[in-house]
Amino acid sequence: APIVFVAETAVKAGGFSLKVTAQYLLLGQILKILVIIVVCFYAAFKVFIALFTTYFKLFGNVILAPFQMLMGAIPGNTNQITNWFKSVVANCLIPTAIFVVINASAVISANIFDPSKFNFFSNGGVLWPDIIISFRSIIIIAGYLFAANMPKIINGALGVGANKSLMGAGDDMKQSMKKLPVVGGMFN
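Note that the structure is a prediction, hence the values are computed from the model and not measured.

Procedures and definitions
Residues take numbers from 1 onward in each chain, read along the sequence in its written order. Local features in this predicted model are restricted to residues whose pLDDT is 70 or higher, and side-chain atom pairs enter the listing and the counts only when it is 80 or higher, whereas totals over whole chains, interfaces and linings include all residues. Excluding hydrogens and water, the side-chain values take into account all heavy atoms of the structure. We call a residue buried when its accessible area falls under 20% of the maximum for its residue type, exposed when it is over 50%, and partly exposed in between, using a 1.4 Å probe and counting protein chains only. In DSSP terms, a helix is any run of H or I states spanning at least four residues, a strand is any run of E spanning at least two, and both are numbered starting from the N terminus. Here, the arc refers to the directions that run from the helix axis to the C-beta atoms. Pairs were defined over the aromatic rings of Phe, Tyr and Trp, the Trp ring being its six-membered one, requiring ring centres within 6.5 Å. Orientation was assigned from the angle between planes: stacked under 30 degrees, edge-to-face over 60, tilted for the rest. In what follows, a contact means two residues having at least one pair of non-hydrogen atoms within 4.5 Å. In this text, buried Ala, Val, Leu, Ile, Met, Phe, Trp, Tyr and Cys residues form a nonpolar core when linked through side-chain atoms within 4.5 Å. Here, expected helix span is obtained from the residue count minus one, scaled by 1.5 Å. What we call the bend at a residue is the angle made by axes fitted to the seven residues finishing there and the seven residues starting there.

Caption draft 1: Just helix H4 (residues 150-158), in detail. Turning to H4, its buried residues number three or more, namely Met-150, Pro-151, Ile-154 and Asn-155. Along the axis of H4, the buried positions cluster into a sector of 125 degrees, meaning they face one direction only. Exposed residues pointing more than 90 degrees away from the buried face of H4 are listed as Lys-152, Gly-156 and Ala-157. Phi turns positive, to about 75 degrees, at Gly-159, one or two residues after H4.

Written as structure tokens, this is what we have:
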């Protein structure tokens, strides 16, 4: 009877232990998936904001074109027309560049059949195990985050600068927002 009792207790404890372990593994998998989903939504939202602001900048360029051409017709202000053309070209290139970067990362990710065959820094195998997150997912997420920075890259390459008066107004608003008690710390 004591041996049966010990065996039953061991089986019950082992079953309970397996049940708890399975629950924690499942919880870990759910948390991992949630973190990956949040990162993916963040990257996609950044791309959306980049495309949205580019669209409105291009829309503003078209509406303000006659006034900028008029200002550029004044002797000594020919840089107004040049800046307008640079801004239009940059705002037309940004959606195309975002499309190319996202699709290039998707193609690279799709063509990785076996990441374990890669050789990173003379170290055989991958940088992290596939259990954490797949290498293909990292490439896609990195492509989205890089694509979200394309407006800065293209504007910098073409020398398109922000309007100084708008930057001053933004700085004034930032200073006034810092004075708010609860949310002011976000504007540092």
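That was the structure; now back to the text.
Caption draft 2: Fine view of the packing of aromatic side chains. In total, this model carries 6 aromatic pairs according to the counting rule given. Ring plane angle 20 degrees and centroid distance 5.6 Å describe the contact between Phe-48 and Phe-52, whose orientation is recorded as stacked. Of the two residues, Phe-48 and Phe-52 both sit in helix H1 (residues 2-73), 4 residues apart, roughly one turn of that helix. Through a chain of ring-to-ring contacts, the aromatic side chains of Phe-45, Phe-48, Phe-52, Tyr-55, Phe-56 and Phe-59 assemble into a single cluster.

Caption draft 3: Structural detail: the side chain of Ser-109. Within the secondary structure layout, Ser-109 lies in helix H2 (residues 78-110). With a relative accessible area of 6%, Ser-109 lands in the buried category. Sequence-distant contacts of Ser-109, that is, excluding residues within four places in its chain, are made with Arg-136, Ile-139 and Ile-140.

Caption draft 4: How the structure looks around the nonpolar core. Among the nonpolar cores identified, the biggest contains 12 residues, and these are Val-47, Ala-50, Ala-90, Ile-94, Ala-97, Ile-98, Val-101, Ile-102, Ala-147, Ala-148, Met-150 and Ile-154. Among the elements of the structure, H1, H2, helix H3 (135-148) and H4 are those that each provide at least two residues to this core. If we skip the residues at most four places from it in the chain, Ile-154 touches Ala-90, Leu-93, Ile-94 and Ala-97.

Caption draft 5: Broad picture of H2. For H2, with 33 residues, the first-to-last C-alpha span of 48 Å sits near the 48 Å given by 1.5 Å per residue. At Ile-94, H2 is deflected by roughly 25 degrees, the largest bend along its length, and proline Pro-95 occurs up to four residues later in sequence. Turning to H2, its buried residues number three or more, namely Trp-84, Ser-87, Val-88, Ala-90, Asn-91, Ile-94, Ala-97, Ile-98, Val-101, Ile-102, Ser-105 and Ser-109.

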